[in-house]
Amino acid sequence: MSTVSSPVRGAAARSTALPAPAPRRRGPGRGWKVTPWLFLLVPLGLLVLFTYVPVANMVWYSFTSWDGMAPVKEPVGLDNYQRIFTDPDMFSVFLVSLYYLAGAFLQLVLALYFATVLSFRTRVRNLFKGILFFPYLINGVAIGLVFLFFLRPGGTLDAVLALVGVAEPPQWLGDPDLANISLASTSVWRYMGLNFVLFLGAIQSIPAELFEAADLDGATSWQKFRFIIAPGIKQVIGLMTILAISGSLAVFEIPWIMTGGANGTTTFVIQTVQQAFEFKKFGLASAMAVVLLLIVLLITWVQRRILPDEKVDLT
Amino acid sequence: MATRHNITGVAATAAAALALSACGGGTDPGEAADDGEPSGEITVITQRTDIVDTVFADYKEQFEAEYPQVTVNFEALTDYEGEIAVRMNTSDYGDVLLIPNSVTKDQYASFFEPLGTVDELGQTYRLVEEAAFEDEVYGVSITVNTQGLVYNKKVWQEAGITDLPTTPDEFLADLQAIADETDAVPYYTNYADGWPLSQWDGNRGAMGDPDYQNTHVAHSDTPWAADEWHGISDGLLYDVVAKGLSEDDPTTTNWEESKTLLGTGQVATMLLGSWAITQMQQSAEDAGASADDIGYMPFPHQVDGTFHAQVAGDYKNAVNVNSEHKAAARAWIDWFAEESGYAFDEGGISPLLDGPTPDTLGDFEAAGVEYVEMTPAPAGQEAHETDVVNTAEIDLYGNIYRQKLVDIARGAADGDKESYFAELNQRWADARATVGE
């Protein structure tokens, strides 16, 4: 870490020693070359210190067999990576992510639907906006606990189902075929509000004249969505898709609180945490984190190739 | 109580902090004024925030009556492990404190005053070796716990059971009788909270051999064989669940609720340490039932016709090596173990060899249970078992592999008892080969 902070400190010291600026007036765009870097010094320093140095450390740990405490970090080459890619137990947990991925797409569709409906003139739409966004404001631990009581046998959900005549509801968390679906649904409930608000904001930035013109031409709601809204917020949809995919690969909070990864709900991140803190394999856990990072980067790259960053032109 | 069984996580970080401080202690222990009569003002640090102003205040009164020249002050820490580790980086960590789990044995001498040799203290106290390093003892247990099963006597009687089960098969038959005769859930796993499953590991003494873990477990390639402890205990857990004698949906269990369920007879049995008895009695009374309904039985396994149960010390009182009133501090430790009655009131076994057996363990007395004190691993071997555990990724002291065991038993995961135990044995043997003896 000292290797990083010392050049930063050195640069700061140098800047104070610089001579006073020349009296000559400078025109715009011709200024002193270092100035922008001086402004960037603090943010860049913080970025390097708190993002790149830890990531570099993590990459270095991933090539060792460090146990998290020992002063010596024994290098083991690619052993950790070899384990991740050859041990079927390591990679099979990504199958659990598929549940969350399916949930994420459902979440995007729902959010887009609600955002579209509520961007038109709807009665008490501010109330609906509030209701839809509200779950996102609740802290994740509280959501986990609330849904634990909601889904347990004889809990709220079963009580409601009993009212409509379902006598023998399944075990929402106890049945291994349903557990992941229950958890993914909880996740959809929690995060849909955020997607919804972002879509709504994007839709509202579309000029109102376009909708007026479409009304004059007699366009239906579906046509307005298909030809104005969807192309107008393409960028946001693309971004949300990447976030949804990477989010579903890195699910942690909800399954960790609700089932602790038991009953076949272990996700890749829960497995990483178990390796690091239960079995003291920080080296292996770091390698798993690096692999996850690479997968997310790969997905982002593929998405950028499919949906290139082009200017949106609605006219 | 849940937190007490999760301290190992904190221990890792705290140990790192302590390892640094171990080199920094500058005071020479020989210079302190520790000879002569107990006198002066001492500070006693405790983890019992709940009773520091009530029960401990009585202790202070009684102790000061016996030693008029000593004044006792208490400091109760909420997060004992975390807070004491930070304070132990200075010399100001009370006169009497509990040895934190994060301190390793070879660090004892830099933090605590030796109380005497193993032979000397072993004549008065139980389990002195648990806090001994190189023949010097550094701490005396505040209370001693044993292992077994808490059960609701009323429910077991209602099912027509009069004798304690002596084998796993008898135990299963008894649970079946409870399922048939009563409305109670025969056994509650507490699967969701996780840590109660780790209690299944804590009774290796049931095998009747004090040297068991120095000859088996990490010294065996097949701990899950039918005649070894993990094969017997995990095998029983498997059978209980597989026969449908446990709760319907283990994934939504709740520890606090389970205490009331057992107290009111909706659940018949749970495997837990003896520390749980008083909590169960309390929740039975809170729920309007009687504390007398709560019984404690030994693990259903006999060696030569006798039950055995492992005993292990709780936290241990120790004297700060930097204390200025060591004689007074030492007097408090002896008084606490011998006169205070703390262990008895807590439902624990006395740290004294000839101390009173608590009423809560009356059933053990009646069943003629023999207590087994486990021999610690020999020097240089202390980390062997943990190494095998971490390499095999089978968390003997945790819940991950036992949750999977329960899942397989209830048909929620693939496999059966034989295949899972074979897999565990295989992984264990491979890990042992990697770690070496």
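Residues numbered from 1 in each chain as written. Chains lettered and ligands numbered in written order. Predicted model: local features only at pLDDT ≥ 70, side-chain atom pairs only at ≥ 80, totals over all residues.

1. Quick look at the overall build of chain B
Item 1. When its secondary structure is counted, chain B shows 18 helices and 15 strands.
Item 2. On C-alpha atoms alone, chain B measures out to a radius of gyration of 23 Å, which is about the 22 Å that the 2.2 N^0.38 rule sets for 437 residues.
Item 3. Seen along its three principal axes, the alpha-carbon backbone of chain B occupies a region of about 65 × 55 × 40 Å.
Item 4. Long-range contacts, defined here as pairs at least 24 residues apart, represent 75% of the contacts in chain B between residues at least 6 apart. (Helix = DSSP H or I, 4+ residues; strand = E, 2+ residues; numbered from the N terminus. Rg over C-alpha atoms; globule rule 2.2 N^0.38 Å. Contact = placed C-beta atoms within 7 Å.)

2. Points about the nonpolar core
Item 1. Within the largest apolar cluster, 116 residues are counted, with the highest numbers of intra-cluster contacts made by Val96, Tyr138, Val150, Ala268 and Trp332 of chain B.
Item 2. In terms of residue count, helix α13 (residues 326-338) of chain B provides more of this core than any other element does, eight residues in total.
Item 3. When residues of this core are assigned to domains, at least three fall in each of domain 1 (3-141 + 315-355) and domain 2 (145-311) of chain B.
Item 4. Once you skip the residues sitting within four places of it in the chain, Tyr138 of chain B turns out to touch Ile99, Tyr108, Phe112, Pro114, Leu115, Ala131, Ala132, Phe133 and Ala318 of chain B.
Item 5. Counting 46 residues, the second-largest nonpolar core is a separate cluster that includes Leu183, Ile203, Ile233 and Leu284 of chain A. (Core = buried A, V, L, I, M, F, W, Y, C linked by C-beta atoms within 7 Å. Buried ≥ 20, exposed ≤ 12 C-beta atoms within 10 Å, placed from the backbone. Domains from an automatic or database assignment.)

3. Observations regarding the interface of chain B and chain A
Item 1. Contact with chain B, which involves 20 residues of that partner, is made by 20 residues of chain A.
Item 2. Sort the elements by how many residues they give to the side of chain B that touches chain A and helix α1 (residues 7-22) of chain B lands first, with four residues.
Item 3. In terms of residue class, the side of chain B that touches chain A is built from eight nonpolar, seven polar and five charged. (Nonpolar A, V, L, I, M, F, W, Y, C, P; charged D, E, K, R; others polar.)

4. With respect to helix α15 (residues 282-306) of chain A
Item 1. Compared with an ideal rise of 1.5 Å per residue, which puts 25 residues at 36 Å, α15 of chain A spans 36 Å between its outermost C-alpha atoms and is within 8% of the ideal.
Item 2. Tucked into the core, α15 of chain A has its buried residues touching α2 (35-61), α3 (79-86) and α14 (268-278) of chain A. (Expected span 1.5 Å × (residues − 1).)

5. Notes on the domain arrangement of chain B
Residue and element names in this part refer to chain B.
Item 1. You can read the domains of chain B as domain 1 (3-141 + 315-355) and domain 2 (145-311).
Item 2. Put simply, the middle of domain 1 and the middle of domain 2, counted by C-alpha atoms, are 33 Å apart.
Item 3. Each partner contributes residues to the interface: domain 1 has six residues there, and domain 2 has nine residues.
Item 4. When the residues that make up the side of domain 1 that touches domain 2 are grouped by side-chain class, the tally is one nonpolar, four polar and one charged.

6. Some thoughts on the packing of helix α7 (residues 168-181) of chain B against helix α10 (residues 229-242) of chain B
Residues and elements named next belong to chain B.
Item 1. Interhelical geometry of α7 versus α10 gives an angle of 25 degrees and a closest axis separation of 11 Å. Taken as axis vectors, α7 and α10 run roughly parallel relative to one another. Of the two possible hands of crossing, α7 and α10 adopt the one that is right-handed. On α10, the residues that touch Pro168, Phe171, Leu172 and Leu175 of α7 are Ile232, Leu236, Asp239 and Val240.
Item 2. Among the residues making up the contact of α7 with α10, the classes are represented as seven nonpolar, no polar and one charged. (Axes fitted to C-alpha atoms, helices over the stretch in contact; angles between N-to-C directions. Parallel < 35°, antiparallel > 145°, perpendicular 65-115°, else oblique. Left-handed = near helix turned anticlockwise from the far one by under 90°.)

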